[in-house]
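For reference, the chains in residue letters:
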Amino acid sequence: MASTAYRNGTLQTQKGAVKPITATSSNFKSSSFKSRLNPSQSPGSALRRSSPSSFAAGNDGVPGRVRVAVRLRPRNAEELVADADFADCVELQPELKRLKLRKNNWDSDTYEFDEVLTEFASQKRVYEVVAKPVVESVLDGYNGTVMAYGQTGTGKTFTLGRLVGEDTSCRGIMVRSMEDILADISLETDSVCVSYLQLYMETIQDLLNPVNDNISIVEDPKTGDVSLPGATIVEIRDQQSFVELLRLGEAHRIAANTKLNTESSRSHAILMIHVKRSVIGGDEALSSETNNGSHLVKPSKPLVRRSKLVIVDLAGSERVHKSGSEGHMLEEAKSINLSLSALGKCINALAENSSHVPVRDSKLTRLLKDSFGGTARTSLIVTIGPSPRHRGETSTTILFGQRAMKVENMLKIKEEFDYKSLSRKLEIQLDKLIAENERQQKAFDDEVERINLEAQSRISEVERNFADALEKEKLKCQMEYMESVKKLEEKMVLNQRKQESNGFISDRYNREVPGVSVAEEVAEVRKLLQNEMYMRKAAEEELNKLKSQFGKYMQSGSCEDTETSRLHKMLQDETHQKKKLEEEIVILRSQLMQLTFEAEQMRRCPGENGNACTGSDRHSQYNETGNGQKAPITTLFEQVGLQKILALLESEDANVRIHAVKVVANLAAEETNQEKIVEAGGLSSLLMLLRSFEDETVRRVAAGAIANLAMNEFNQELIMLQGGISLLSITAADAEDPQTLRMVAGAIANLCGNDKLQTKLRSEGGIRALLGMVRCGHPDVLSQVARGIANFAKCESRSATQGIKSGRSLLIEDGALPWIVQNANDEAAAIRRHLELALCHLAQHEVNAKDMICGGALWELVRISRDCSRDDIRSLANRTLNSSPIFKAEMRRLRIDF
């Protein structure tokens, strides 16, 4: 007689043998979800998890078959006694992922599954094989389902819903899933919410709030998504609160004592875990059409992925004559079997690719519409017992799992825009644009000042040249005139002497010779007078020419004055526009601060009786101006108080914290407020922000506020005592934003000007941090670095002169000299001026001379002594070179004229 056996849903007929399996094992051994990830990326964290695009073969989603695992329950105490003489009806072959269901001692049916778990399999292995791939897909944005099916008493609830007890290794899939989800998400940007329901007698009841005992199912007509709007949703922040919710739900779940199980579940338990995660889309760079060619970066697209993990603990299928159900329990058993039967029909229809799937025959099938044939990744664990008395139920359970393995789902991701994150990013970009506008305004002011100085220098040079030329010509004419008069006098005296000495000559001779001599003399004198007149005329022409040139230079100067006036007018317009923008920004920020304080007051105001404050009470602490605008930051500070503003620095809301630190930074810019801020603990709060927050805006504004406070000598010592130098050094090493580096460099530069902090500043890495920031290359950052080096060199020079310090400069020991020499002739005036001053101060200490000569600093000192635009620096360089024997000897060796 031929025996029949089902293997993977295919009927086989052969006595005592099994036909070759029609489908290869690879058709049923689907890889875990982790295997679909990029091998170079680890799925352990959300930041390194591969993007959904790596799974998708198109916009239609990712194919994914239902994965089925079978788990064998060990014999219980009753079976050990009743079936002691009988062998188990099930034989497992876990290494081949198959099991044999014995019909008798010589015939059996063989089935293959994705995983076969013996009675010795641990709860951890069951979770990793069955549920972990689904949990990982949920964290990547896909819906997922984990479901347990089997006869009553075979261990479904133990596998899924076992809670934490004395033995933590027995934790079920529900607890372990939440542990992995909480470990992978960020509670600052992501959220996890939970609903716990039961389907009892075709009625959906809320296990977290038993009052909701008839929850309706709502189906979206467009997308087909099924939701339960009446269910209680609780947000989960930690594992302990989740376990407490499960305990509460288990206490409300309906169970009864039957012959098959002392605590048999009489309802289907459904745990829904909703996960919302924030992801970042691709960045797109846009080139702005401005004269300076700067580039603005378009904010990346913030997206939110919403996924759902459904864990279903089905009530056990049972036969009435075995379970002994009577009365109301009999009705419960009928309802359970009907819903499981409807689920089986749906799976059969999906496995056979039927055109009609009877989803609406039961509320259970409607709830699991997305799990079988939908868009969710589904894992099914079927639980069986070894007792030969229940071979029929075991066979039915195995065939259910075989049919479920043929169901194909199409996995899809649900994404939507995160408008709150986009708003925060636009606000950060606005701050950057404001800073860029201030930088451009400063560059424009510097350019106007340079043009004015250049015009004044040219006018002064023309006036000096004209005065020198006129004086030289005047002296030349006077000298020539005096020389001519002297020659004429000498000739007249000579002629008189000749006439007296020749008086005895004859009349003829007297008539002829003297006459000839006098005529020649007269001709010569006339010739001299003509030459003198010609030279005088030439001098007058030269004088007129110089006057005309002077007039032209004066006209050129007037044109330049006109250009300067136009630039001044443009500058005034820009300044006025900037002032208006600043006023608007101050008003907006003050409004934001007021709303923040109102929200804080509304949260704190409810009293013991639970009554909230009225709107008039909340607004009574703020004043409005006549035009309806809120009070500016200073007035808000006077009304609210510094302590409340500083308290907002520890707010959980990131936006409130950012605006609070901005207000403190603005207040610290005024010297009158600095002492109040320090006394109120503001300095400690700012250092705490710099230490504990990684937000770039918070770090930048906090560093700017510390830089403002560091202008006071007393505050500088407090910053040192509270470890501020180390914090600034660490921030300088981690930050990449030029504005943040500029603030940090400014704070360190202010500290460099304190004689008492020299050694401490160097030992805590302040000098190295200052030099490390030159990697940015931004002119403003380099200017602050140069200022800090100049301040440090000046203090060292002063200490060396007073005999307090000896030995090489700490700047040279930390390797600052090459950068100083390289940038001492930089095009930027601020950088060049500070570095020229630093070189002069370093050269005043004789012990630094050899290092400076080897580093090429001598040539820069000679250049500074000749070409520096500032007289005080040029004079300092001259004095230093003249007073140093080492520099003088080297200049003689190099034949440098000085």
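Residues numbered from 1 in each chain as written. Predicted model: local features only at pLDDT ≥ 70, side-chain atom pairs only at ≥ 80, totals over all residues. Heavy atoms only, no water.

## Topic: the overall build of the chain
Then comes step 1: Within the chain, the regular secondary structure consists of 31 helices and 23 strands.
Then comes step 2: Across the 898 residues of the chain, 43% fall into the buried class.
Then comes step 3: A separation of at least 24 residues holds for 71% of the contacts in the chain among residues at least 6 apart in sequence.
Then comes step 4: If you sum the accessible surface of the chain, you get close to 47700 Å²; carbon and sulfur atoms cover 52% of it. (Helix = DSSP H or I, 4+ residues; strand = E, 2+ residues; numbered from the N terminus. Buried < 20%, exposed > 50% of the residue type's maximum accessible area, 1.4 Å probe, protein only. Contact = heavy atoms within 4.5 Å. Areas by Shrake-Rupley, 256 points an atom, 1.4 Å probe, with all protein chains shown as cover.)

## So, helix H18 (residues 696-709)
Then comes step 1: Spanning 14 residues, H18 covers 20 Å between terminal C-alpha atoms, matching the ideal 20 Å at 1.5 Å per step.
Then comes step 2: Across the 14 residues that make up H18, a large majority, 13, are buried. (Expected span 1.5 Å × (residues − 1).)

## Here's the deal with the confidence of the model for the chain
Then comes step 1: Residues at a pLDDT of 70 or more form 76% of the chain, whose mean pLDDT is 76.
Then comes step 2: Counted against residues more than four places away or in other chains, residues 283-296, with its pLDDT under 50, gives 16 contacts.
Then comes step 3: In the model, residues 605-633 has pLDDT below 50 throughout and makes 37 contacts with residues more than four positions away in sequence or in other chains. (pLDDT = per-residue confidence, 0-100.)

## Points about the pattern of salt bridges
Then comes step 1: Under the criterion given, the structure shown has 30 salt bridges.
Then comes step 2: In this structure, Arg 65 and Asp 114 form a salt bridge, with 2.9 Å as the shortest nitrogen-oxygen distance. On the criterion of sequence distance, the pair formed by Arg 65 in strand S3 (residues 62-65) and Asp 114 in the loop between strand S7 (108-112) and strand S8 (115-117) is long-range, its members being 49 residues apart. We note that Arg 65, like Asp 114, is buried.
Then comes step 3: Among the ionic pairs, Arg 450 bridges to Glu 454, the shortest N-O distance being 3.1 Å. (Salt bridge = Lys/Arg side-chain N within 4 Å of Asp/Glu carboxyl O.)

## Comments concerning the sheet that holds strand S5 (residues 90-93)
Then comes step 1: Reading across the sheet, the three strands line up as S5-S6-S7 and stay open at both edges, with antiparallel pairing between neighbours. Single-partner strands in this sheet number two, and they are S5 and S7. Averaged over all pairs of adjacent strands, the angle between their axes in this sheet comes to 20°, without regard to strand direction.
Then comes step 2: Relative to S7, strand S6 (residues 98-102) runs antiparallel, the two sharing five bridges. Paired with Leu 101 across the bridge in S7 is Asp 109.
Then comes step 3: Of the strands in this sheet, S5, S6 and S7 touch helix H9 (residues 391-404), which is tilted by about 145° from S6. (Pairing = 2+ DSSP bridges. Axes fitted to C-alpha atoms, helices over the stretch in contact; angles between N-to-C directions.)

## Notes on the packing of aromatic side chains
Then comes step 1: Enumeration according to the criterion identifies one aromatic pair in this entry.
Then comes step 2: Both rings, one in Tyr 149 and one in Phe 400, keep their centres 3.8 Å apart while their planes meet at 15°; by these two values the pair is stacked. Placement of the pair is Tyr 149 in strand S9 (residues 143-150) and Phe 400 in helix H9, with a sequence separation of 251 residues.
Then comes step 3: Relative accessible area serves as the criterion here: at 2%, Phe 400 is assigned to the buried category. (Phe/Tyr/Trp six-rings, centres within 6.5 Å; stacked < 30°, edge-to-face > 60°.)

## Some details on helix H4 (residues 173-184)
Then comes step 1: The end-to-end C-alpha distance of H4, which contains twelve residues, comes to 16 Å, matching closely the 16 Å that a straight helix rising 1.5 Å per residue would cover.
Then comes step 2: By the burial criterion, the buried members of H4 are Ile 173, Met 174, Val 175, Arg 176, Ser 177, Met 178, Ile 181, Leu 182 and Asp 184.

## Structural notes on the environment of Ser 108
Then comes step 1: Following the sequence through the fold, Ser 108 ends up in strand S7.
Then comes step 2: The partly exposed category is assigned to Ser 108, whose relative accessible area is 23%.
Then comes step 3: The sequence separation of Ser 108 and Cys 89 amounts to 19 residues, and the corresponding C-alpha distance is 9.1 Å.
Then comes step 4: When sequence neighbours within four positions are dropped, the list of residues in contact with Ser 108 reads Lys 100, Leu 101, Arg 102 and Lys 103.

## Structural notes on the pairing of strand S4 (residues 67-72)
Then comes step 1: The buried fraction of S4 amounts to six of the six residues, a majority that puts the element mostly inside the structure.
Then comes step 2: Judged by which residues are buried, S4 turns out to be covered on both faces: Arg 67, Ala 69 and Arg 71 on one side and Val 68, Val 70 and Leu 72 on the other are all buried.
Then comes step 3: Pairing between S4 and strand S21 (residues 376-384): six bridges, direction parallel. By the bridge assignment, Arg 67 is partnered in S21 with Ser 379.
Then comes step 4: As judged from the three bridges shared by S4 and S8, these two strands associate in the parallel manner.

## Brief notes about the nonpolar core
Then comes step 1: Counting 91 residues, the largest nonpolar core has Met 773, Ile 789, Leu 839 and Met 852 as the members making the most contacts within it.
Then comes step 2: The element that contributes the greatest number of residues to this core is helix H15 (residues 654-668), accounting for nine residues.
Then comes step 3: In this structure Ile 789 touches Leu 770, Leu 771, Leu 811, Trp 819, Ile 820 and Ala 838, once residues within four positions along its chain are discounted.
Then comes step 4: Of all hydrophobic cores here, the second largest spans 44 residues; its members include Leu 101, Val 116, Met 147 and Leu 340. (Core = buried A, V, L, I, M, F, W, Y, C linked by side-chain atoms within 4.5 Å.)

## Quick word on the packing of H18 against helix H21 (residues 738-752)
Then comes step 1: With their axes 8 Å apart at the nearest point, H18 and H21 run at an angle of 25° to one another. One element, H18, and the other, H21, form an angle in the roughly parallel class. Crossing handedness for the pair H18 and H21: left-handed. Here Glu 696, Arg 699, Arg 700, Ala 703, Gly 704, Ile 706 and Ala 707 of H18 lie close against H21, whose contacting residues are Gln 739, Thr 740, Met 743, Val 744, Gly 746, Ala 747 and Asn 750.
Then comes step 2: Tallied by class, the residues present in the contact of H18 with H21 amount to six nonpolar, five polar and three charged. (Parallel < 35°, antiparallel > 145°, perpendicular 65-115°, else oblique. Left-handed = near helix turned anticlockwise from the far one by under 90°. Nonpolar A, V, L, I, M, F, W, Y, C, P; charged D, E, K, R; others polar.)

## Details of the pairing of S21
Then comes step 1: Most of S21 is tucked away: nine of the nine residues are buried.
Then comes step 2: Burial along S21 is two-sided: Ala 376, Thr 378, Leu 380, Val 382 and Ile 384 and Arg 377, Ser 379, Ile 381 and Thr 383, pointing in opposite directions, are all buried.

## A word on the side chain of Gln 123
Then comes step 1: You can see Gln 123 is positioned in helix H2 (residues 123-139).
Then comes step 2: Of note is the side chain of Gln 123, whose polar atom sits 3.0 Å from the backbone oxygen of Phe 158.
Then comes step 3: Setting aside anything within four residues of it in sequence, one finds Gln 123 in contact with Arg 71, Phe 158, Thr 159, Arg 162, Ser 169, Cys 170, Arg 171, Gly 172 and Arg 176. (Polar contact = N/O pair within 3.5 Å; in protein donor to acceptor, adjacent residues only side chain to side chain.)

## A few points about unusual backbone geometry
Then comes step 1: Positive phi, close to 55°, is recorded for Lys 97, a residue that is not glycine.
Then comes step 2: The topology assignment puts Lys 97 in the loop between S5 and S6.
Then comes step 3: Despite not being glycine, Asn 353 shows a phi value in the positive range, around 55°.
Then comes step 4: By the secondary structure assignment, Asn 353 is in the loop between helix H7 (328-351) and helix H8 (363-367).

## A few points about the environment of Met 405
Then comes step 1: In this fold, Met 405 is placed in the loop between H9 and strand S22 (408-411).
Then comes step 2: In the structure, Met 405 is positioned 338 residues away from Arg 67 in sequence and 6.1 Å away in space, judged by C-alpha atoms.

## Observations regarding the state of the cysteines
Then comes step 1: All told, the structure shown has zero disulfides when counted by the stated rule.
Then comes step 2: Left unpaired, Cys 868 is separated from the closest cysteine sulfur, that of Cys 840, by 7.4 Å.
Then comes step 3: Its relative accessible area of 3% is what places Cys 868 among the buried residues. (Disulfide = S-S within 2.5 Å.)

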